[in-house]
Amino acid sequence: MKKLFSAPTTVNLELTELCNVKCRHCYNFWRDESIGHETIKNDKIDDLIAKLSVAGVFHVILTGGEPFANYPLLLGAIKSISKHKMSMSVNSNLMIVTKEKLSELRSLGLDHILTSLPSPDPKLNDFIMNQKGSLDKIISGIKMAREADIRVSVNMVITRQTKDQVFDAGKLVSDLDCQKLFVTRSVPPTYSDASQDDNYSLTEFEQKKCLDDAIRVKNEFNIAIGTLVSYPLCFLEDLEKYSDFVGRGCPAQAGHRMSINANGNVHACVHEEESYGNLMFQSVEEIYTTRMRKWHNRSFHYKGCEGCRYIDICESGCSMTSLAINGAHETKDPLFKGFHVFKKHYNVNNKEKLKNIINDETRFMVPQRIRFRKENGFYLINARWGNTITIDTEIAEELIKFQTTQNKIRLTSNSKLSLDVLADLFFKDIIESDNLDNSKKESIQGLGFNFDSLEITA
């Protein structure tokens, strides 16, 4: 039975609709009507963030528009998030940042920015962003962010125009010391017309080639890769080869995500136009557990996915793509192939390797950064940033005890923390060890990957 949450774990909070560019693939449904006129009032931002804190949200992503287009508001939001002890990140094109502003935000706890790089080709980048010199401005912004000791990840939306540029983009972001390249499938905006649709529709071969190029980037430049829009796992077929694209799923359908516009209107997905309430006048829980619940209770799953072992990870692919192409959320993702096509299944981690090196002498600890949220019949545990998983109540409460007492965990016959559980928790960055190399463990950092839904057994 699928676990339903009381509130999201991560929230996209749009500070302002104002933006310094007008990207052709932008997901903001109002973008084609105007540059946007809504901005959260400075005296309202703390109230909104307080509501997120009361609901138990772990991580807030500050977005726009362009957040740096209203720096006083961005500064106030980050101060408020820090006060409420939530983690944060910012989505920015980095084109109008300054060294002074980045340094100030870093001192307040901002340690990650997700930026966009539509194309490594200057002319095409200018065309997509509708601004001359855009690529040089992005590169300059990335350099300033890295100088301020802020991690930078780069998102590249794949269209027919950019499908052959993944490797060149990967080399560029690697040279700029970025930590991750997201190779994100395009979702047709709700305002796109038939003449534009071809730019968003790639063949299966073209989609796979983009992922293959991303894997080459990872292998040659040693940077992490991923996607911000899920692929149906049956499309990937070989889940060992494409393991970097497995864990994403649909964060909205998984229950982790809520998106809030600058006017307070609430959506499940950033690509979505439908609103389920307004946070200016309602609580997070009221909106999340009522009208938005259809996103969480499998209502949007495609019937052809019934019986698939990966359904609660994959969530039938991208619901908003299905809506844009077919007119309904619960219809078939265009890349769906069926669960009979899998060639290699996903290995959650190198459990056997970990089990061979974990012994009675191994000691683990629960870091103070680990955050817990009690739900109905289970717990949510946040490792860091937006990385949250579900876990059984007995295991969670034992971890809380170890975190509170700061005692070390070891294998004991009367503990719920078995060898298998310890291996999974170590993999997911929930526990650390003085005996093992924490820095080199495999991880799906930043993603809410539920390893319990894969029926882990000893």
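For the structure itself, consult the block above.
So, how was this worked out
Residues numbered from 1 in each chain as written. Predicted model: local features only at pLDDT ≥ 70, side-chain atom pairs only at ≥ 80, totals over all residues. Heavy atoms only, no water. Salt bridge = Lys/Arg side-chain N within 4 Å of Asp/Glu carboxyl O. Helix = DSSP H or I, 4+ residues; strand = E, 2+ residues; numbered from the N terminus. Buried < 20%, exposed > 50% of the residue type's maximum accessible area, 1.4 Å probe, protein only. Pairing = 2+ DSSP bridges. Axes fitted to C-alpha atoms, helices over the stretch in contact; angles between N-to-C directions. Contact = heavy atoms within 4.5 Å.

K.L.:
For this particular structure, what's the right way to read the pattern of salt bridges?
P.N.:
Any two side chains of opposite charge can pair, given that their charged atoms come close. According to the stated counting rule, one finds 27 salt bridges in the structure shown. Among the ionic pairs, Glu237 bridges to Lys208, the shortest N-O distance being 3.3 Å. In this pair, Glu237 is assigned in the loop between α9 (233-236) and β8 (257-260) and Lys208 in helix α8 (residues 204-221), connecting sequence segments 29 residues apart. For the pair Glu237 and Lys208, a shared accessibility class is recorded, and that class is buried.

K.L.:
How should I be thinking about the sheet that holds strand β1 (residues 10-14) in this particular structure?
P.N.:
Sheet strands line up and pair through hydrogen bonds in the backbone, either parallel or antiparallel. Pairing is mixed across the open sheet formed by nine strands, whose spatial order is β7-β6-β5-β4-β3-β2-β1-β8-β9. Every interior strand has two partners, whereas the edge strands, β7 (224-226) and β9 (266-267), have only one. Where strand β6 (residues 180-185) meets β7, three bridges bridge the pair, whose relative direction is parallel. Bridge pairing in β7 places Leu181 opposite Ile225.

K.L.:
I would appreciate a short explanation of the sheet that holds strand β12 (residues 379-384) in the present structure.
P.N.:
Strand order in the open sheet made by the three strands is β11-β12-β13, with antiparallel pairing throughout. The two strands at the open ends of the sheet, each matched to only one other strand, are β11 (371-374) and β13 (387-391). Shown here is a sheet whose adjacent strand axes are inclined to one another by a mean of 25°, direction ignored. Bridge count between β11 and β12: four bridges; the pairing is antiparallel. By the bridge assignment, Arg373 is partnered in β12 with Leu380. Sheet strands touched by helix α14 (residues 393-405): β11, β12 and β13. Its angle to β12, the strand with the most contacts, is close to 50°.

In short, the description is geometric, and any link to function would need to be established separately.
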